[in-house]
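Structural features, examined
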Amino acid sequence: MAAADSDRQPADSREEIYRRFVDYASGENTADSFFEENDLIDVFDFASDTNDDFARLEVLQYAARMYPDCTPINERKAFYYLELGLTDPARGIALTLPADSVLRTLLLLRTDTPATDEARRILDRLVDSTDDFEDEWLIRLADTAQELGLTDWLFEAKPRICKKATYPQTLIYDMVNIADDAAEYEQATDLAEELTSLEPFSSDFWEMLAREANHLSDYEKALNAVEYALAINPDSPVALTYKAQALSGLNRTTQEILEPLDRVIQLSPDAPDPIVIKASILEASGYRLQAIDTLEAFRRKHPDSADVILTLIKFADGNVSKSIVDDYFEAKALTVHECIEQAQSLMFESRYGAAAAILLAMTRRLKTRSEELTMTALYRAGFYSQAIEYFETPGELDLYVARDPVSVLIYVASRIRTANTDGLSEKVAELIDALDTESDFQKKMPNSFTTNLAAESAVKRLRKVLTSLTEGVIPEPESII
């Protein structure tokens, strides 16, 4: 929630000033080039709420030229430096602020990080010595308490602080979010209810209450809160989304659940989140093909929408074109570590085909293999032919190191499942020799017990397979892996 001192502009005016400034800073309207100090503060706060770093940096440059001694701007600059991890410059600015400045005290707490007991004493003295907390001070106080791990102090001090605040809703709003971040949903719900009592005609506060009630699975309360929010703002995408979630929790019909979501999509046709939510509801309701069609229609218009593409890969169980998976990699700029984490997450959801698609793309695009994970995903997805092809097309590194024992077993089981048994006896004998050689080598290596054990176990199973094949019996894949 942005700061709003008594002489500051209302929200709509702040947005208008923000857009004027962005037009000026981007060169679209250089004629409108004068902005007062309060204008810049409004622009900076609005840009902070919308994570617009371009506008924030431009405000700081403009203020450095026109208002270098503006304390509120310099305070914001110091906190912005903290966000960027620039502790020393932030501390330098803090020391130039007036000695009785609330934000100076909070800044130095953040940069100097005193012991917990001392930090509590400093915060207590700050509350006791301040007669009237401005909105910006309340916001930074809540942030500082959370950053220092002193949210318990914040909740204890809340009554004292609120008595000294012209608009206590600012603090309570931030405390709802702090409790939500900590998954303390009952506490967050109580605070959100307090907000709706203090300001019953704020749709934002009713939306917060709906969010927290949904977290608690109290869907009746969430639906009631949503109806209040929609009575104030009928076209709120947030309220409509929370309504769909509440209706889903109440097991209403798919048509009822999708009605508010379709309105959100109508209001914000380029927003990916409602598309993902709609597709998820469709899939959970048994309409998988409709879910895929919904995602694909959006993806064609927005090929860089990573969340939509990932959901499409997931719901299609990896049965998508390579170009679609490549689009996901382009949108996310995935690293090898992120690919493996993503694949493991998908496998945890039993989305093995989707995991395989990610891992195969990692091999193709990043030239890195995770053989056991990829073979496991392919096998569990039922992509046996692909598992065979993957194993028989080793990467450069695989030419110099032993093959993974689990992957060897999966390869043999895949050959049997696809009735591809011509020459399998010879291949199994070759794999046994390779694993035996690796086992002997590993015995000489330190810390190799697990690797050696896996290789020996694989060899034992392969010997049984070879015996069966020699006797003309095709073993069951389940006996291999």
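Residues numbered from 1 in each chain as written. Predicted model: local features only at pLDDT ≥ 70, side-chain atom pairs only at ≥ 80, totals over all residues. Heavy atoms only, no water.

1. A look at the overall build of the chain
Within the chain, the secondary structure is distributed over 26 helices and zero strands. Taking 2.2 N^0.38 as the reference for a compact globule, 481 residues should give roughly 23 Å; the C-alpha atoms of the chain span a radius of gyration of 30 Å, well beyond that estimate. For the chain, with 481 residues in total, the buried portion stands at 47%. Within the chain, contacts between residues at least 6 apart in sequence are counted, and of these 58% link residues at least 24 apart. Of the accessible surface of the chain, which amounts to about 24200 Å², a share of 48% is contributed by carbon and sulfur atoms. In the chain, 48 side chains carry a positive charge and 87 a negative one; their mean positions are 6 Å apart. (Helix = DSSP H or I, 4+ residues; strand = E, 2+ residues; numbered from the N terminus. Rg over C-alpha atoms; globule rule 2.2 N^0.38 Å. Buried < 20%, exposed > 50% of the residue type's maximum accessible area, 1.4 Å probe, protein only. Contact = heavy atoms within 4.5 Å. Areas by Shrake-Rupley, 256 points an atom, 1.4 Å probe, with all protein chains shown as cover. Lys, Arg positive; Asp, Glu negative; His and termini not counted. Charge placed at Lys NZ, Arg CZ, Asp CG, Glu CD.)

2. A few points about the packing of helix 21 (residues 352-366) against helix 22 (residues 371-380)
One way to put it is that helix 21 packs onto helix 22 with a least axis distance of 8 Å and a crossing angle of 140 degrees. Helix-helix and strand crossings are classified by hand; for helix 21 and helix 22 the assignment is left-handed. Contacts from Tyr352, Ala355, Ala356, Leu359 and Leu360 in helix 21 reach Leu373, Thr374, Ala377, Leu378 and Arg380 in helix 22. Across the contact of helix 21 with helix 22, the residue classes break down as eight nonpolar, one polar and one charged. (Axes fitted to C-alpha atoms, helices over the stretch in contact; angles between N-to-C directions. Left-handed = near helix turned anticlockwise from the far one by under 90°. Nonpolar A, V, L, I, M, F, W, Y, C, P; charged D, E, K, R; others polar.)

3. Section: helix 9 (residues 151-163)
Between its first and last C-alpha, helix 9 extends 18 Å over 13 residues, near the 18 Å set by a 1.5 Å rise per residue. Alanine 157 marks where helix 9 bends most, by close to 55 degrees; the proline proline 159 follows one to four residues later. Looking at helix 9, one finds that the buried residues are Trp153, Leu154, Ala157, Lys158, Ile161 and Cys162. Its buried side turned inward, helix 9 meets helix 7 (116-129), helix 8 (135-147), helix 10 (169-181) and helix 11 (185-198). (Expected span 1.5 Å × (residues − 1). Bend = angle between axes of the 7 residues up to and from the residue.)

4. Notes on the packing of helix 19 (residues 322-332) against helix 21
Relative to each other, helix 19 and helix 21 sit at 75 degrees, their axes nearing to 10 Å. By the angle class used here, helix 19 and helix 21 are roughly perpendicular. Within the contact between the two elements, helix 19 uses Lys322, Val325, Asp326, Tyr328, Phe329 and Glu330 and helix 21 uses Ala357, Ile358, Ala361, Met362, Arg364, Arg365 and Leu366. Counted by class, the contact of helix 19 with helix 21 contains eight nonpolar, no polar and five charged residues. (Parallel < 35°, antiparallel > 145°, perpendicular 65-115°, else oblique.)

5. Side note on the packing of aromatic side chains
Across all of its chains, the model carries 13 aromatic pairs by this definition. Ring centres 6.0 Å apart and planes at 75 degrees place the aromatic pair phenylalanine 21 and tyrosine 62 in the edge-to-face group. Taken together, the positions of phenylalanine 21 in helix 1 (residues 11-25) and tyrosine 62 in helix 3 (residues 53-66) put the pair 41 residues apart, joining distant regions of the chain. Look at phenylalanine 21 and you get buried, because its relative accessible area is 0%. Ring centres of tyrosine 328 and phenylalanine 329 lie 6.4 Å apart, and the angle between their planes is 85 degrees; on these two criteria the pair is classed as edge-to-face. Given the relative accessible area of 3%, phenylalanine 329 is considered buried. The rings of Phe21, Tyr24, Phe35 and Tyr62 are connected pair by pair, giving a single aromatic cluster. (Phe/Tyr/Trp six-rings, centres within 6.5 Å; stacked < 30°, edge-to-face > 60°.)

6. Thoughts on the pattern of salt bridges
One pass over the full model with this rule turns up 34 salt bridges. For arginine 365, the salt bridge is made with aspartate 326, and the minimal N-O distance between the two is 3.5 Å. Within this pair, whereas arginine 365 is found in helix 21, its partner aspartate 326 is found in helix 19, the two being separated by 39 residues in sequence. Put simply, Asp45, Arg76, Glu136, Arg140 and Asp143 are held in one network by salt bridges that share partners. (Salt bridge = Lys/Arg side-chain N within 4 Å of Asp/Glu carboxyl O.)

7. Re helix 8
When the terminal C-alpha atoms of helix 8 are compared, their 18 Å separation across 13 residues agrees well with the 18 Å that a helix rising 1.5 Å per residue should span. For helix 8, the set of buried residues is Asp135, Glu136, Trp137, Leu138, Ile139, Arg140, Leu141, Ala142, Thr144 and Ala145. Buried positions along helix 8 lie against helix 2 (37-49), helix 4 (71-83), helix 6 (102-112), helix 7, helix 9 and helix 10.

8. Notes on the nonpolar core
Counting residues in hydrophobic clusters, the biggest one holds 74 residues, and the most contacted among them are Ile313, Tyr328, Phe329, Val412, Val428 and Leu462. Residue contributions to this core peak at nine residues, all from helix 21. Other than its neighbours up to four places away in sequence, valine 412 contacts Val428, Leu431, Leu462, Val465 and Ile480. Of all hydrophobic cores here, the second largest spans 55 residues; its members include Ala78, Ile178, Ala179 and Ala188. (Core = buried A, V, L, I, M, F, W, Y, C linked by side-chain atoms within 4.5 Å.)

9. Regarding the side chain of aspartate 180
Residue placement: aspartate 180 occurs in helix 10. Residues in contact with aspartate 180, not counting those within four places in the same chain, are Tyr185, Ala188, Arg211, Glu212 and His215.

10. So, the environment of arginine 300
Within the element layout of this structure, arginine 300 appears in helix 17 (residues 288-301). Taking the relative accessible area as the measure of exposure, arginine 300 reaches 56% and is therefore exposed. In sequence terms arginine 300 and glycine 423 are 123 residues apart; their C-alpha atoms lie 45 Å from each other.

11. Some remarks on unusual backbone geometry
Positive phi values are uncommon outside glycine, yet asparagine 51 reaches one of about 55 degrees. With respect to the helices and strands, the residue asparagine 51 is situated in the loop between helix 2 and helix 3.

12. Digging into the side chain of arginine 56
Summarising the element assignment, arginine 56 is placed in helix 3. In contact with arginine 56, other than residues within four places in its own chain, are Phe44, Ala47, Ser48, Tyr80 and Glu83.

13. Here we look at the confidence of the model for the chain
For the chain, the average pLDDT comes to 90, and 92% of its residues sit at 70 or higher. Every residue in residues 1-8 is under pLDDT 50, and counting partners more than four places away or in other chains gives 30 contacts. Across residues 439-450, confidence stays below pLDDT 50; counting only partners more than four residues off in sequence or on other chains, it has nine contacts. (pLDDT = per-residue confidence, 0-100.)

14. Notes on the environment of alanine 64
Within the secondary structure layout, alanine 64 lies in helix 3. Considering only alpha carbons, one finds alanine 64 and asparagine 74, ten residues apart in sequence, at a separation of 9.1 Å.

15. Quick look at the environment of alanine 55
Locating alanine 55 in the fold gives a position in helix 3. With relative accessibility at 1%, the residue alanine 55 sits in the buried group. Residue contacts for alanine 55: discarding those within four places in its chain leaves Tyr18, Phe21, Val22 and Ala47.

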